[in-house]
Each structure stands twice: as C-alpha cells, then as structure tokens.
Number of protein chains: 2
Amino acid sequence: MNAVSPFKPATLHDVARAAGVSLITASRALGNPGVVSAKTIEKVQAAVESTGYIPNLLAGGLKSKRSLMVGGIVPALSVSQFLPTVQALTTELAAAGYQLILGQTAYDAEREESVLNTMIGRQPDGIVITGLVQAQRARDRLRRSGIPVVETWDLSDRPIDMVVGFSHLKVGSAVGGYFLGKGWQRIGIASGDDHRARMRRDGFQTTIGRELPTAFVPAPSSLELGRRALGELLAKDPRLEAICCSSDQLAHGVIVEALARGLRVPQDLAICGFGNADFGAYTVPSISTVHVDGAEIGRLAARLIVDRCRGETIANPIVDLGFRMIERQST
Amino acid sequence: MNAVSPFKPATLHDVARAAGVSLITASRALGNPGVVSAKTIEKVQAAVESTGYIPNLLAGGLKSKRSLMVGGIVPALSVSQFLPTVQALTTELAAAGYQLILGQTAYDAEREESVLNTMIGRQPDGIVITGLVQAQRARDRLRRSGIPVVETWDLSDRPIDMVVGFSHLKVGSAVGGYFLGKGWQRIGIASGDDHRARMRRDGFQTTIGRELPTAFVPAPSSLELGRRALGELLAKDPRLEAICCSSDQLAHGVIVEALARGLRVPQDLAICGFGNADFGAYTVPSISTVHVDGAEIGRLAARLIVDRCRGETIANPIVDLGFRMIERQST
DNA sequence: CTGTTAGCGCATTCAT
DNA sequence: ATGAATGCGCTAACAG
C-alpha cells in the first residue's frame, strides 16, 4: 500500500504517472474502458489501488457538463407521504450513478425560490420537486436553466417540463362518491392546510354538494393533530357520522380520539384517510384510505431524468399514475 | 428583463461585461462585498438581475476547495428514527449555506463503501453518518481523505473523526433496570436485527441477568412487524408479563396485537418502546419509551462540520447526548 | 489505441 | 479598490 499523505489526495495525474501512461489514457481507462487496451487498463487500475485515487467529480462535471447529481426538493423530510418517493428516487438514481441533493422548502415560497437557486447553481442533471412549483418567477428560471425538471405528486397540463402524479381533485371526488354511496349525511373534514390537501377537500365538497364543517391542521399532520381535529369537529357538530381525513396519520388520530370518547368505529363514526401509510392496514380498526404509489412516483421521476440525460426523447412527459380506494374496517 | 438564451446560461464573465467591470471585481462584489465600492456592487447586482446569472458552484468549489456540500449517509430514509436527524441536519446546514447530498446504504457494508467512495469524490466539506462505520477499509479511507466526518447515533472512544450520540448498551441497561424495579419476571424482547438494536438488547439482557425469549424482525421495523413479533413471543411463552421493544413502531404493533387478543395493557402485558416517536404520547394506551434527541444530533453534527470548515478547533469531538426514560401508560 | 492541446467557470495569487 | 494572470482536476476535441 503506497499510501499518499492525507493532505494531498491523489489526482488522475498521479495515477497516470504511477501507471506510466498519459493523463488522458488514465482518464479513459477509468471512464471509457472500451477504447483502451486491456493491459493498459490493468496498469491504471493497479495505480488507482496504490495511490488510493478517488475521482474528483466536481472537476469532471465542470468539463463534461454532467454533474451526476439530481436535486430533490420536498417541503419537509418529515412529511411521511413523500418518504417512499424520496427513497425510491435515491435508490433508482444511485443505480444509474446519480446522487440526490436534498432541499427543504418548509412550505415557504421564498425558501423554495432560494433553494431552487442554489440547486441550479450546482448544475444538477435534473431536478425533482414534490408538488407543482407555484411562483411564476421560479418556473421561468427553471425552464430557462435547461435542466430537466420533474414535478410530482400532482398533475398539470402545462408542467415546467415533466410531471408524474395524480389529480387531487379526482381523489376528493372519488372519496366523496364513496361517502355518498354509504348514505352518510352528517360529514366532517379533517384536513392539512397545504395546497394539495385543500384540493382534495375541494373535490370532496363539490361531490358531496355543500360546504362541510372542517378542522384545518397545520402541515405536516400527525396522530396528535388528528385527535385535536376530532375534538374541534365534534364541538361544531356532536352528531357527526363520518369524517374524511387528508392523511392516514390524521385518520389514525381521529380514530384514537373517537375510541377514547367511547365512540364505536365505524358504527358511530366512520373514518377515511389518505395515502395508504404502512400502519393503516394493521391498526384496530384498520383504516380505509386512498392508495397512491409514492415509490413508483420516485422511480418514474428518476427514470425520466436519466432517460432525458441520455438524450432520449420522452414519449409522454405527463404521467397520471392514478390512485385507488382501499376499503377497510374504519368505514 | 434582458433574458439570455436558455441554452447558454450566463457566466460571471457575462455579468462582468454587462456591469463594465473585470471578471474578478464581479466575483468579489458577489462573494466578498466588503472589499468593493458600493457603486460597483450595485452595478454588478443590476447585471446579475439582467443576465439571470446563477453562480456555478461546481466551478467555484473546484478552485476554492469548498464545495458547500455535506454528505449524509443513512441506512434507509424510511428508518423514521433518523428522520429528525436528517431534517435538522439539512435545515441547519442550509442556514450556513451548505447542502446535503444523500446516500443510502440499505444496511449493507458493500453499498456503504461504494456510497462513501462516490461521496468522497464529490469533495464534500463534511460527511455525517448515522451509526459507526464498521469496515476498517472505509474508516481508513475516510480518515485519509481529510474530510471532517461525524459519526452519529452511537458512541465510540476512537471515532474516525468526531461522534455525536449515546450508548445503546446503557439504554438497554437503563430499560433493564426499570423492568427489574417493576418486578416483572416473564419478559420477552421484540428487536430489530440491526447492529444498534442488538446492542440495546445486549445491555438489557445483561442487566436482567439472563437470556430472554426474543423475536427478531428485519429492520426497518413497523407496526405490522410488531404485531407479528408478539405472536411469535406468545407462542414461545404464553404467560409473558412484559415486552421490551427496540422501537416505538414495534411497541405500537405489540400493543395493537395485545389488545386484539383481549389482553389488557399494561395490566396483563406491559410494553416499552424506544425512540419517543411523535405518535407514542397519543396512542391509547400511550407508549413508555426512551427519548433520544435525534434532531439535536443533526443540529450538533451540522455545527461540528461547519465549525471545522471555518478552521475552528473542536473542543470535544466525542459528544454523548444521553437519553432519558419516559414512563407512560403502557407500563 | 494513445497522446497533445485546450479549455469548463471560477477564485486565488500577485500586481497596480 | 481594482485588474491580469494562473490553475483547480478533469475531459472533449482533435491529432498521430
């Protein structure tokens, strides 16, 4: 082991010298081995071993215009809805040699813009955003940057570039239709105060056909907020029969609070969530919900970016992944 | 708005020309405004606006040796234990102008090494790892890279560089002591199969003073696995009085399963978790657990890295954040 | 197959 | 307070 000092990491130059070849040959042996003789590759690889060389991807990216990084932007990592997406994104990108740079907007338009700017400054080969970018300025900037962009977890006719998601309005309508079919009259809503939850609520109310008592809770939602939300709703109308919740966390909280108050679920109070969180099938009662394939959103987004980077044309830049209702014990 | 073509993003060169100053003056006006006259700064900023200039951080980093990126490595994003850490890390780093690059090891030593290598290649100004790096090769490589490294969520006398965490062995002992104090005799363990959960189990068993029936579940743990684990444990010993779980998710599942089987919690079966997950205080019964300040781990790790980058000397590179037991209804 | 030349976009010397 | 030159580490283009 011909270790190099800790303060001067080996460069490709050192590798080339150790292998007795030119700089560019060493570069090719590592990055494009098809064009180099087997013997040379061996020598170079031995040199890499002995020098402990690790390629400087910053330098490579500067020249080649491929940084092998993809930016991922979420409101907050704790929004468990998005976790499977970020996880799948990271995994799928890693498989293609890309790495994810994370940005959090904290549901704040200003922060979103500043996050986007530093993102763009890192010359990522793609950007994946949970939700649609609202600010027109930011949309223009992204479009002009020429970086492939995938907006996710929503749908739009005119995305910045590409979009993978589903219609929140339709989700709301579908749940509304389900509630109508059950014949429930006294209906309440527990909803996060973010854009997408509000959209689902709109779709739900439109289908039900009237304004409904609503408890808004600050995003991200949680079991605790669900408990509080039910308290609020029952204060508005103690005889509610059914609650539509904007997440399974919220629904879980509503269930726990209902049981704690001696209500039977679903006989006295029916409860529906959203997101098909992993625990929902295993609570007692299990939680009826709307399934959305968050991991698939991440995988698809990754693939769109990678394909685009390979110069392929994207047949369909607007992907509707849909959703499906899952009926369990809570309704 | 003097927009530039989407295919040729403005460089600092363009800004300098538009402002009628030299390249370096423009550079200083943006990066080191104290040394430049107010009038020049204004001209440069106007030029930035009109050209839509966004600094290329790759190029800046290449020259300045400060990439303003920090690598973060987790087994999997879905391990909710680590979420507050990653979230706080991202937020705290962003405040100091750094961004996080995410790597997932999937609890796999080989993947860990390859993730570390590409990480190092990106010249991050620091690396934060959840857990201690096990492979000696990887430890050497990290140490030799000269990059500040913070290992977290564990403790060691000889970290690669710095470490912020707590002793899992002591956590196990503390919970064991608590169980002994309660006088429970027939005790079972539901544990994740990862390194740290096993350490806590070791500490627990040592304090209890004997081998205990254990149900191992694959990490990451979940409510579902908790239900299954209780089934397994009761099959081994139907008269168990108390269960020690390696996470609150697992504990929640054990509680749900116990209630579903008609057992009263804690009268028939006492249950203790670990991690103080957000829902644990609001379930019925609420979950006794061990609190660890995951967010603080992230904040501290960020600060250590940032301080080190500023050239400050770290007074104490080994930080024990400790833990505390929280007694709730489930015991 | 291999090597030479010329930058990528910026910040750190030095100079003025 | 400003500017000119130089090179960070690497790869794309062209040569041989």
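Keep in mind it's a predicted model, so treat the numbers as computed, not measured.

Engineer: Just to check I follow, could you spell out the sheet that holds strand β6 (residues 187-192) of chain A for this structure?
Structural biologist: Consider a sheet: its strands pair through backbone hydrogen bonds, and that pairing is either parallel or antiparallel. Residues and elements named next belong to chain A. Strand order in the open sheet formed by four strands is β7-β6-β8-β9, with parallel pairing between adjacent strands. Strands at the two margins of the open sheet, each flanked by one partner only, are β7 (214-217) and β9 (270-272). The sheet shows a mean angle of 15° between the axes of neighbouring strands, taken without regard to direction. With four bridges joining them, β6 and strand β8 (residues 242-245) adopt parallel strand pairing. From the neighbouring strand, Ile-187 faces β8, where its bridge partner is Ala-242.

Engineer: What's the story with the protein's contact with DNA strand D in this structure? I'm lost.
Structural biologist: Neighbouring DNA strand D are 26 residues; Leu-12 and Tyr-53 of chain A together with Thr-25, Arg-28 and Lys-63 of chain B lie closest to it. Per the 4 Å cut-off to the protein, sugar and phosphate atoms form 60% of the nearby atoms of DNA strand D. In the model, a phosphate oxygen of DNA strand D is placed 2.5 Å from a nitrogen or oxygen of the Tyr-53 of chain A side chain. Side-chain polar atom of Lys-65 of chain B to a phosphate oxygen of DNA strand D: 2.9 Å apart, as the coordinates give it. Grouping the amino acids of the surface near DNA strand D by side-chain chemistry returns 11 nonpolar, nine polar and six charged.

Engineer: Mind showing me how you'd approach the state of the cysteines here?
Structural biologist: Every disulfide links exactly two cysteines, by a covalent bond between their sulfur atoms. Summed over the entire model, instances satisfying the criterion amount to zero disulfides over all chains. Between Cys-245 of chain A, a cysteine without a disulfide, and Cys-244 of chain A, which holds the nearest cysteine sulfur, the sulfur-to-sulfur distance is 6.7 Å. Here Cys-244 of chain B is not cross-linked by a disulfide; its sulfur's nearest cysteine counterpart is in Cys-272 of chain B, at 5.9 Å.

Engineer: Explain the packing of helix α6 (residues 109-121) of chain A against helix α7 (residues 136-145) of chain A to me, please; I cannot follow it from the model alone.
Structural biologist: Each pair of packed helices can be summarised by the angle the axes make with each other and by the distance between the axes. All names here are of chain A. The interhelical angle for the contact between α6 and α7, taken along N-to-C directions, is 10°, at an axis separation of 10 Å. Put simply, α6 runs roughly parallel to α7. Counted together, Glu-113, Leu-116, Asn-117 and Ile-120 of α6 and Arg-137, Ala-138, Arg-141, Leu-142 and Ser-145 of α7 form the full contact between these two elements. When its residues are assigned to classes, the contact of α6 with α7 shows four nonpolar, two polar and three charged.

Engineer: Explain the protein's contact with DNA strand C to me, please; I cannot follow it from the model alone.
Structural biologist: Looking at DNA strand C, there are 24 residues lining it, with Thr-25, Arg-28 and Lys-63 of chain A together with Leu-12 and Tyr-53 of chain B nearest. Near the protein, meaning within 4 Å, the atoms of DNA strand C are sugar or phosphate in a fraction of 60%, with bases accounting for the rest. Tyr-53 of chain B is positioned such that a nitrogen or oxygen atom in its side chain is 2.6 Å from a phosphate oxygen of DNA strand C. For the surface near DNA strand C, the secondary structure elements donating two or more residues are α2 (23-31) and α4 (57-64) of chain A together with α2 (23-31) and α4 (57-64) of chain B. When grouped by side-chain class, the residues that make up the surface near DNA strand C number 10 nonpolar, nine polar and five charged.

Engineer: Could you clarify how one ought to interpret the side chain of Thr-283 of chain A in this entry?
Structural biologist: Residues and elements named next belong to chain A. For Thr-283, the location among the structural elements is in the loop between β9 and β10 (289-291). Taking relative accessible area as the criterion, Thr-283 reaches 5% and is therefore assigned buried. Side-chain polar atoms of Thr-283 contact the backbone oxygen of Gly-280, separated by 3.4 Å. Among the polar contacts listed, one links the side chain of Thr-283 to the backbone oxygen of Pro-285, at a separation of 2.9 Å.

Engineer: When you look at the interface of chain B and chain A in this model, what are you seeing that I'm missing?
Structural biologist: The accessible area lost on association of the parts is a frequent measure of interface size. On the chain A side, the residues contacting the 58 residues of chain B number 58 residues. For the pairing of chain B and chain A, the buried interface totals around 4,900 Å² over both sides, and the portion due to carbon and sulfur atoms is 59%. When the area that chain B buries against chain A is broken down by residue, the three leading residues are Leu-58, Arg-122 and Arg-144 of chain B, summing to 16%. At the surface where chain B touches chain A, the tally comes to zero salt bridges. Viewed at the interface, chain A and chain B are joined by 20 residue pairs in polar contact (both at pLDDT 80 or more). For the side of chain B that touches chain A, the secondary-structure elements that each account for two or more residues are α3 (38-51), α4, α5 (83-95), β2 (99-104), α6 (109-121), α7 (136-145), α10 (223-236) and α11 (248-260) of chain B. The element contributing the most residues to the side of chain B that touches chain A is α6 of chain B, with seven residues. In terms of residue class, the side of chain B that touches chain A is built from 29 nonpolar, 21 polar and eight charged. Note that strand β2 (residues 99-104) of chain A and β2 of chain B share three bridges and pair antiparallel. In the sheet register, Leu-102 of chain A faces β2 of chain B, and the bridge partner there is Leu-100 of chain B.

Definitions and cut-offs
- Residues numbered from 1 in each chain as written.
- Chains lettered and ligands numbered in written order.
- Predicted model: local features only at pLDDT ≥ 70, side-chain atom pairs only at ≥ 80, totals over all residues.
- Heavy atoms only, no water.
- Pairing = 2+ DSSP bridges.
- Helix = DSSP H or I, 4+ residues; strand = E, 2+ residues; numbered from the N terminus.
- Axes fitted to C-alpha atoms, helices over the stretch in contact; angles between N-to-C directions.
- Near = heavy atom within 4 Å.
- Polar contact = N/O pair within 3.5 Å; in protein donor to acceptor, adjacent residues only side chain to side chain.
- Nonpolar A, V, L, I, M, F, W, Y, C, P; charged D, E, K, R; others polar.
- Disulfide = S-S within 2.5 Å.
- Parallel < 35°, antiparallel > 145°, perpendicular 65-115°, else oblique.
- Contact = heavy atoms within 4.5 Å.
- Buried < 20%, exposed > 50% of the residue type's maximum accessible area, 1.4 Å probe, protein only.
- Buried area = accessible area lost by both parts, 1.4 Å probe.
- Salt bridge = Lys/Arg side-chain N within 4 Å of Asp/Glu carboxyl O.

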